[in-house]
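Residue-level structure breakdown
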Amino acid sequence: MSQTAKIRVRMAPSPTGYLHIGGARTALFNYLFARHHGGTFILRIEDTDRERSKKEHEEAILKDLKWLGIDWDEGPLKDGPFGPYYQSERLDLYAKHLKTLAQKGRTYLCYCTPQELAAEREDLLKRKKTPRYLGRCRTLTDEQKRKFENEGRTSVVRFKIEETKSIVFEDLVRGKVEVDPKNVGDFVIAKNDGMPLYNFASVVDDSEMKISHVIRGEEHISNTPRQLLLLNQLGLPAPQYVHVSIILAPDRSKLSKRHGATSLGEYEKMGYLPEALFNYLALLGWSPGDDKEVMTRTEMIQSFSIDRLIKSPGIFDVQKLTWMNGLYIRSKPIEEITQLAKPFMEKAGLLLQDKEDSWLQKIIENVRGNLERLDQMGQYAEIFFDEKFQMDEESTKFLLENKESAQKVLEVLKALLSKYTAPDTIDTSGFESLQKELKTKVDAKGKTLFWTQRAALTGKLKGPEMVLVYATLPISSCQKRIEKTLSILK
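Residues numbered from 1 in each chain as written. Predicted model: local features only at pLDDT ≥ 70, side-chain atom pairs only at ≥ 80, totals over all residues. Heavy atoms only, no water.

Taken in spatial order, the three strands make up an open sheet running S3-S4-S7, and their pairing is antiparallel. Either end of the sheet is taken by a strand with one partner, and the two such strands are strand S3 (107-110) and strand S7 (187-191). When strand polarity is set aside, the average angle formed by the axes of neighbouring strands in this sheet is 40 degrees. Bridge count between strand S4 (residues 156-159) and S7: four bridges; the pairing is antiparallel. Looking across to S7, one finds that Val156 is bridged to Lys191. Where helix H3 (residues 91-103) meets the sheet, it contacts S3, S4 and S7, and its direction lies at approximately 130 degrees from that of S7. (Pairing = 2+ DSSP bridges. Helix = DSSP H or I, 4+ residues; strand = E, 2+ residues; numbered from the N terminus. Axes fitted to C-alpha atoms, helices over the stretch in contact; angles between N-to-C directions. Contact = heavy atoms within 4.5 Å.)

Within strand S8 (residues 213-217), five of the five residues are buried, which leaves it mostly tucked inside the rest of the structure. With five bridges connecting them, S8 and strand S9 (residues 240-244) associate as parallel partners. Looking at the pairing, Val214 lines up with Tyr241 of S9. Chirality of the crossover, the property in question, places the unit of S8, helix H7 (residues 224-234) and S9 among those that are right-handed. (Buried < 20%, exposed > 50% of the residue type's maximum accessible area, 1.4 Å probe, protein only. Right-handed = clockwise from strand over helix to strand, strands pointing away.)

With that settled, the discussion passes to the packing of aromatic side chains. The geometry of two aromatic rings is summed up by the distance between their centres and the angle between their planes. Within the structure shown, the criterion is met by 14 aromatic pairs. Judged by centre distance (5.2 Å) and plane angle (70 degrees), the ring pair of Tyr267 and Tyr272 falls under edge-to-face. Comparing Tyr267 with Tyr272 shows no difference in burial state: the two are buried. Seen in terms of ring centroids, Trp286 and Phe304 are 5.3 Å apart; in terms of plane orientation they differ by 40 degrees. Their pairing is tilted. Residue Trp286 is located in the loop between helix H9 (274-282) and helix H10 (297-303), and its partner Phe304 is located in the loop between H10 and strand S11 (314-315); the two are separated by 18 residues in the primary sequence. Each member of the pair, Trp286 as well as Phe304, carries the same accessibility label: buried. Across from the ring centre of Phe187, 5.8 Å away, lies the NZ or CZ of Arg226, which sits over that ring. A cation over an aromatic ring shows up here: Lys447 above the ring of Trp451, its NZ or CZ 4.5 Å from the ring centre. (Phe/Tyr/Trp six-rings, centres within 6.5 Å; stacked < 30°, edge-to-face > 60°. Lys NZ or Arg CZ within 6 Å of the ring centre and 35° of its normal.)

The next thing to look at is helix H4 (residues 114-126). If you check H4, its first and last C-alpha atoms are 18 Å apart, about what 13 residues at 1.5 Å a residue would give, namely 18 Å. Two residues or fewer past H4, Lys128 is found with a positive phi of approximately 55 degrees. (Expected span 1.5 Å × (residues − 1).)

Side-chain alternation along strand S5 (residues 167-171) places Ile167, Phe169 and Asp171 on a buried face and Val168 and Glu170 on a face that remains uncovered. Counting the residues that bridge the hairpin from S5 to strand S6 (residues 175-179) gives three residues.

Its location among the elements puts Ala24 in helix H1 (residues 21-37). Classification of Ala24 by relative accessible area gives buried; the value is 0%. Ignoring sequence-local partners within four residues, the contact set of Ala24 consists of Leu19, Leu68, Ile70, Leu264 and Leu281.

Further remarks concern the packing of H1 against H9. Where H1 contacts H9, the two axes come as close as 9 Å, and the packing angle between them is 85 degrees. Classed by the angle they form, the pair H1 and H9 counts as roughly perpendicular. Together, Ile21, Ala24, Arg25, Leu28, Phe29, Tyr31 and Leu32 of H1 and Leu277, Phe278, Leu281 and Ala282 of H9 make up the contact between the two elements. Considered class by class, the residues forming the contact of H1 with H9 number 10 nonpolar, no polar and one charged. (Parallel < 35°, antiparallel > 145°, perpendicular 65-115°, else oblique. Nonpolar A, V, L, I, M, F, W, Y, C, P; charged D, E, K, R; others polar.)

A word on the side chain of Asp205. Along the polypeptide, Asp205 turns up in helix H6 (residues 198-208). Here the side chain of Asp205 touches Gln87 through a polar contact of 2.9 Å, side chain to side chain. Setting aside chain neighbours within four positions, we find Asp205 in contact with Arg44, Gln87, Arg90, Leu93 and Tyr94. (Polar contact = N/O pair within 3.5 Å; in protein donor to acceptor, adjacent residues only side chain to side chain.)

If you check H1, its first and last C-alpha atoms are 24 Å apart, about what 17 residues at 1.5 Å a residue would give, namely 24 Å. For H1, a buried count of 12 out of 17 residues is recorded, marking the element as mostly surrounded by other parts of the structure. Among the residues of H1, those classed as buried are Ile21, Ala24, Arg25, Thr26, Ala27, Leu28, Phe29, Asn30, Tyr31, Leu32, Phe33 and Ala34. One or two positions beyond H1, positive phi appears at Gly38, with a value near 65 degrees.

In this section: the environment of Gly326. Structurally, Gly326 can be placed in helix H11 (residues 318-331). A sequence separation of 155 residues divides Gly326 from Asp171, and the C-alpha atoms of the two residues are 37 Å apart. Among all residues touching Gly326, those that are not within four sequence positions of it are Leu371 and Glu372.

Turning our eyes to something else, we now look at the pattern of salt bridges. Counting across every chain of the model gives 33 salt bridges. Across the salt bridge formed by Arg44 and Asp206, the nearest N and O atoms sit 3.0 Å from each other. Here the residue Arg44 occupies a position in the loop between strand S2 (40-43) and helix H2 (55-68), and Asp206 occupies one in helix H6, the gap between them amounting to 162 residues. With respect to class, Arg44 is no different from Asp206; both count as buried. Here Lys332 makes a salt bridge to Glu336, at a shortest N to O gap of 2.9 Å. Salt bridges linked by common partners bring Arg10, Arg44, Glu46, Arg90, Asp205 and Asp206 together as one network. (Salt bridge = Lys/Arg side-chain N within 4 Å of Asp/Glu carboxyl O.)

Below, the structure written as structure tokens:
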């Protein structure tokens, strides 16, 4: 199938868990490929595992994809001509194709127990053979089947491999792949109640939904020969296969939670911006062809192509993601980042009920240069909220060590501030005038002069420039804080 034909790709998550980094990256590549070619992106829910599938997981997957900015053209909430888009609602279709395989003599019932299968696998490994099912149930008689059933054994449906020629397919990332069918072994395609398993349901759906390209992780390469055998026996066309690189941790070990491999919902809670995560994931296993790292969605869609997918593993470095997130926080319009920051500020215990957006924007403009995630907002912004004001140990120590000078500075400062109208703030020119007048009335050097003001007004010796503090803190707040600080020094 040429890439000039109608592009139809799919993401097919199983609602047995939440959407993690690997699944999100797969969805993103499918989305970029479809959008680049003006094709169709389908979302299909593989919910045939009745015991483990949960509605809450499905809802979370849909929510996380939307949050990341990946929208689908057909699927849940968006009916299309090839629905339904839940595998649990397509059972009649699987039954029809299962019947076709049975009529061709390519399926049989297997009654092997998990213990027997495990022993067979262990024996093959000991003999340095490829683990596979050796077909012990291929030739069971009706009497043997009844005996197993009377013992309480349940059966599964296996696909019978009779091919002798190598299974060959062209992977658009890895090139020619060749597999000896003898190393595949008869594999399970359905449970005893007819409920299909992954390989069988997937090929039926991909064919029925006219999927042109299957873009998925390289861990699925071993499934491809099985799927091609099924497609051949069912007389269905095969899509083009694209197996993208796995994602590893910075130490090249398997990605785990300690490396940041968590659900997308958790990244949202930590204050990562969807644009930053979208941008970062796109570069895990794909190169736009230059050294550019920060790209808009439009730029990524325009640049995306399969021939720029990389075979080598993508390295997920949460520190680099966090760095990129900081860039997006600093570049986003202040009005937008303020609205995004509000829930994080409230969670940190900052009272926003009576606060004007214009004042909050001042605060965020002051602190966002230090932010890498929005959940850090509280620790940087709290200095501007009276209910959070408290003197830290370092500031207290400094003030007490310079008690006499500090008292004088604060008493004069208090008097000077009384000339200003509360609750106004002090702008740049007002700040310069205030500092000039303060210097003429107190005998304090620069460090003592400024550190005393910083400690009294923010409770810390480090933070935004004092001109910004005065421009943000209402006069009334400055006066309250000076009074509180003077009480410490008495």
